[in-house]
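Listed below are the residues making up each chain.
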Amino acid sequence: MTANRWFAARGWILAVALPVILIARAISNAPLRPPWLLLVVAGIILRGWAGAHLGTHGNAARAQAPDLATSGPYRFSRNPLYLSNTFVSTGIILYANASVLWISILLILAILLHHVILVRHEESVLAGIFGDRYDAYRHAVPRWIGFRCGEKQGRDAGGYSLRSMLVRQGRNIAYALASVLSVWVVAKWS
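These lines cover the structure that appears in this document, whether it is placed above or below. Treat the numbers as computed from the prediction; the structure is a model and nothing was measured. Per chain, residue numbering runs from 1 following the sequence as it is written. Local features in a predicted model are, by the rule used here, given only for residues with pLDDT of at least 70; side-chain atom pairs are given and counted only at 80 or more, and totals for whole chains, interfaces and linings are based on all residues. Only hydrogens and water are removed before side-chain values are computed, so all heavy atoms of the structure are retained for them.

**Notes on helix α4 (residues 80-96)**
Move 1: When the terminal C-alpha atoms of α4 are compared, their 24 Å separation across 17 residues agrees well with the 24 Å that a helix rising 1.5 Å per residue should span.
Move 2: The element α4 is extensively covered by neighbouring structure, given that 16 of its 17 residues are classed as buried.
Move 3: Counting from the N terminus, the helices are the DSSP runs of H or I reaching at least four residues and the strands are the DSSP runs of E reaching at least two. Downstream of α4 by a residue or two, Asn97 has a phi angle that is positive, lying close to 50°. An expected span of 1.5 Å times one less than the residue number is assigned to each helix. Residue burial is assigned from relative accessible area. The probe radius is 1.4 Å, only protein chains are included, and a residue is buried under 20% of its type maximum, exposed over 50%, and partly exposed in between.

**Points about the environment of Phe130**
Move 1: Here Phe130 is to be found in helix α5 (residues 101-130).
Move 2: In this structure Phe130 comes out as buried when scored by relative accessible area, which is 15%.
Move 3: It is 7.6 Å that separates the C-alpha atoms of Phe130 and Leu68, two residues lying 62 residues apart in sequence.

**A look at the packing of helix α3 (residues 37-54) against α4**
Move 1: Relative to each other, α3 and α4 sit at 160°, their axes nearing to 7 Å. Viewed along their axes, α3 and α4 adopt a mutual orientation that is roughly antiparallel. The crossing of α3 and α4 is left-handed. For the pair formed by α3 and α4, the contact residues are Leu37, Leu39, Val40, Ala42, Gly43, Ile44, Leu46, Arg47, Ala50 and Leu54 on the first element and Pro80, Leu81, Leu83, Ser84, Asn85, Phe87, Val88, Thr90, Gly91, Ile92 and Tyr95 on the second.
Move 2: Residue type decides the class: Asp, Glu, Lys and Arg count as charged, Ala, Val, Leu, Ile, Met, Phe, Trp, Tyr, Cys and Pro as nonpolar, and the leftover types, Gly among them, as polar. Looking at the contact of α3 with α4, its residues break down into 15 nonpolar, 5 polar and 1 charged. Axis geometry follows a simple rule: fit a line to the C-alpha atoms, using only the stretch in contact for helices, then measure angles between N-to-C directions, giving values from 0 to 180 degrees. Between 65 and 115 degrees an angle is taken as roughly perpendicular, under 35 as roughly parallel, over 145 as roughly antiparallel, and anywhere else as oblique. Left-handed is the label given to a crossing in which the near helix is rotated counterclockwise from the far helix by less than a right angle, and right-handed is the label when the rotation is clockwise. Working rule for contacts: check all heavy atoms of both residues, and any pair within 4.5 Å makes them a contact.

**Some words on α5**
Move 1: Along its 30 residues, α5 runs 42 Å from first to last C-alpha, staying within 8% of the 44 Å computed at 1.5 Å per residue.
Move 2: For α5, the full list of buried residues reads Ser104, Ile108, Ile111, His114, His115, Leu118, Val119, His121, Glu123, Leu126 and Phe130.
Move 3: Where α5 ends, the next residue or the one after it, Gly131, has phi of about 55°, a positive value.

**Some details on the packing of α5 against helix α6 (residues 132-140)**
Move 1: The contact between α5 and α6 brings their axes to 6 Å, and the two run at 135°. Here α6 runs oblique to α5, going by the angle between their axes. The residues of α6 that touch α5, namely those facing Glu123, Leu126, Ala127 and Phe130, are Asp132, Arg133 and Tyr134.

Encoded structure:
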């Protein structure tokens, strides 16, 4: 699959993972592990924070960026949205407690690999769009998480409202909450 096609269909892994988790949960008698919901909550908070600093952004089929986000969580991670997806997915898998540990680990590793592929593609597109500016940002801020070397760049989040963030990120936050609710419902009634 080409990088553009992979990017366009980037939600497929989570669309496949959730039914697998729900089926496994339906046949499992292991208890749910609610402490892992903290990882889901952390992912949702990170998504909201990143969404407030992302500016105009859509879920287009092609990687694109009208602006280079460098404030908020983008000071510590070049990819906080993908990091938030990983937190949420991992939290749901471990909360569900629906399979043996090695299968859960394989599923988490598949999700991580998926996001690594997406990040590599998106970063090459951003390098093409923003050139030296992106190169400087790439050298100052880690791909996943860490501390910035150098001065703060970018604009503050003051121009963004909770409403505009929810318009851009609300669907993904709703998916995360619906996934947790689905796992709970299946566990309760199986």
